[in-house]
Amino acid sequence: MITIISSTNRPDSYTLRIANAYAELLDSKGIETKILPFERVMARAIENNSFDGVDEEFERLVKEYISPSDRLVVISPEYNGSFPGIFKFFIDATDPKFFRGKRVALVGVASGRAGNIRGMDHLTDVFHHMGAEVYSRKIPISRVHQMVYEDDMLSDAPTIEALEKQIEGFLKF
Ligand SMILES: Cc1cc2nc3c(=O)[nH]c(=O)nc-3n(C[C@H](O)[C@H](O)[C@H](O)COP(=O)(O)O)c2cc1C
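What this report covers is the structure whose coordinates are included nearby. (Residues numbered from 1 in each chain as written. Predicted model: local features only at pLDDT ≥ 70, side-chain atom pairs only at ≥ 80, totals over all residues.)

1. Let's talk about the overall build of the protein chain
A tally of regular secondary structure across the protein chain gives six helices and eight strands. In the protein chain, the order of α-helices and β-strands from amino to carboxyl end is β-α-β-α-α-β-α-β-α-β-β-β-β-α. Relative to a compact globule of 173 residues, whose C-alpha radius of gyration would be 16 Å, the protein chain shows 15 Å and is just as compact. Summarising its shape, the C-alpha atoms of the protein chain cover approximately 45 × 30 × 30 Å along the three principal directions. When the 173 residues of the protein chain are sorted by exposure, 35% land in the buried category. (Helix = DSSP H or I, 4+ residues; strand = E, 2+ residues; numbered from the N terminus. Rg over C-alpha atoms; globule rule 2.2 N^0.38 Å. Buried ≥ 20, exposed ≤ 12 C-beta atoms within 10 Å, placed from the backbone.)

2. Brief notes about the nonpolar core
I18, Y22, V73, I75 and V107 are the most contacted members of the largest nonpolar core, which has 41 residues in total. Residue contributions to this core peak at seven residues, all from helix 1 (residues 14-28). Setting aside residues no more than four positions away along its own chain, V107 makes contact with I18, Y22, V73, I75, I139 and I141. (Core = buried A, V, L, I, M, F, W, Y, C linked by C-beta atoms within 7 Å. Contact = placed C-beta atoms within 7 Å.)

3. Things to note about the environment of N9
If you trace the backbone, N9 turns up in the loop between strand 1 (2-6) and helix 1. Look at N9 and you get buried, because 21 C-beta atoms sit within 10 Å. As a C-alpha pair, N9 and N80 span 71 residues in sequence and 15 Å in three-dimensional space.

4. Describing unusual backbone geometry
The phi dihedral of N80 is positive, around 50 degrees, even though this residue is not glycine. Residue position: N80 is located in the loop between strand 3 (71-77) and helix 4 (85-93). The phi dihedral of D151 falls on the positive side, at around 50 degrees, and the residue is not glycine. Take D151: it is sitting in the loop between strand 7 (149-150) and strand 8 (153-154).

5. Quick word on helix 6 (residues 157-172)
Over its 16 residues, helix 6 runs 23 Å from end to end, which matches the ideal 22 Å to within 8%, given 1.5 Å per residue. Of the positions making up helix 6, those classed as buried are L163, Q166 and I167. Relative to the axis of helix 6, the buried residues are bounded by an arc of 105 degrees and lie together on one face. Opposite the packed face of helix 6, turned more than 90 degrees from it, sit the exposed residues A157, P158, E161, K165, E168 and K172. Residues of helix 6 that are buried in the fold lie against helix 1, strand 4 (103-109) and strand 6 (139-141). (Expected span 1.5 Å × (residues − 1). Arc of directions from axis to C-beta.)

6. What about the site of the ligand?
Around the ligand, a shell composed of 15 residues is seen, among which S13, T15, P77, A110 and G112 lie nearest. Classifying every residue of the shell around the ligand by side-chain character gives six nonpolar, seven polar and two charged. (Near = placed C-beta within 6 Å. Nonpolar A, V, L, I, M, F, W, Y, C, P; charged D, E, K, R; others polar.)

7. Some points on the environment of G101
Tracing the backbone through its elements, the reader meets G101 in the loop between helix 4 and strand 4. Looking at G101, the number of C-beta atoms within 10 Å reads 11, which means it is exposed. Between the C-alpha atom of G101 and that of A132, which follows or precedes it by 31 residues, the distance is 4.7 Å. Those residues in contact with G101 that lie beyond four places of it in its chain are G131 and A132.

8. A look at the packing of helix 1 against helix 6
Two elements in contact, helix 1 and helix 6, have axes separated by 11 Å at closest approach and are oriented at 55 degrees. The angle between the axes of helix 1 and helix 6 places the two elements in the oblique class. Viewed along their axes, helix 1 and helix 6 form a crossing whose handedness is right-handed. Along the contact surface, helix 1 presents Y22, L25 and L26, while helix 6 presents L163, E164 and I167. The residue inventory of the contact of helix 1 with helix 6, partitioned by class, reads five nonpolar, no polar and one charged. (Axes fitted to C-alpha atoms, helices over the stretch in contact; angles between N-to-C directions. Parallel < 35°, antiparallel > 145°, perpendicular 65-115°, else oblique. Left-handed = near helix turned anticlockwise from the far one by under 90°.)

Rendered as structure tokens:
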């Protein structure tokens, strides 16, 4: 099972649209996926689980989405030149042992031109610090609002091809 983390709590985010497209690509290869949608992760649950606190809902999310997957795909939007604070908040509230040894693929999403390349580099540093291994083929998606969507599903051929290539390599990584 591969967990796809849609790493923003912004309602109706493009990040979640890309996460859904990624799940569909993996599903078509017969790979089971789960999407951890941060919109449903309450900031309060993260806060309650921080600094030795214990929150049942937070523990349930870690048990359902992080523990059972040895591979994570993190879709991260560009917010002020990096990945969203809510995701760092989540990481900091999680025991690092849950990330150790995981293999991680990164996809950046931005309305601007950079496709969150810098934020993916920041994420790489954080994951490596925790002992997770990040796959080198990172996919920046720029101008996400201008992509082609059909019924809210990404149908932009070059972007889908780039994601397919990442998946092909990541599954061997
Ligand atoms: C707080 C915030 C900061 C943002 N900063 C940037 C930025 O630095 N560069 C950029 O290209 N887009 C920036 N954006 C726009 C997002 O890239 C855009 O909303 C895009 O759709 C991906 O985010 P989403 O998943 O929330 O939709 C920002 C958006 C928010 C909400």
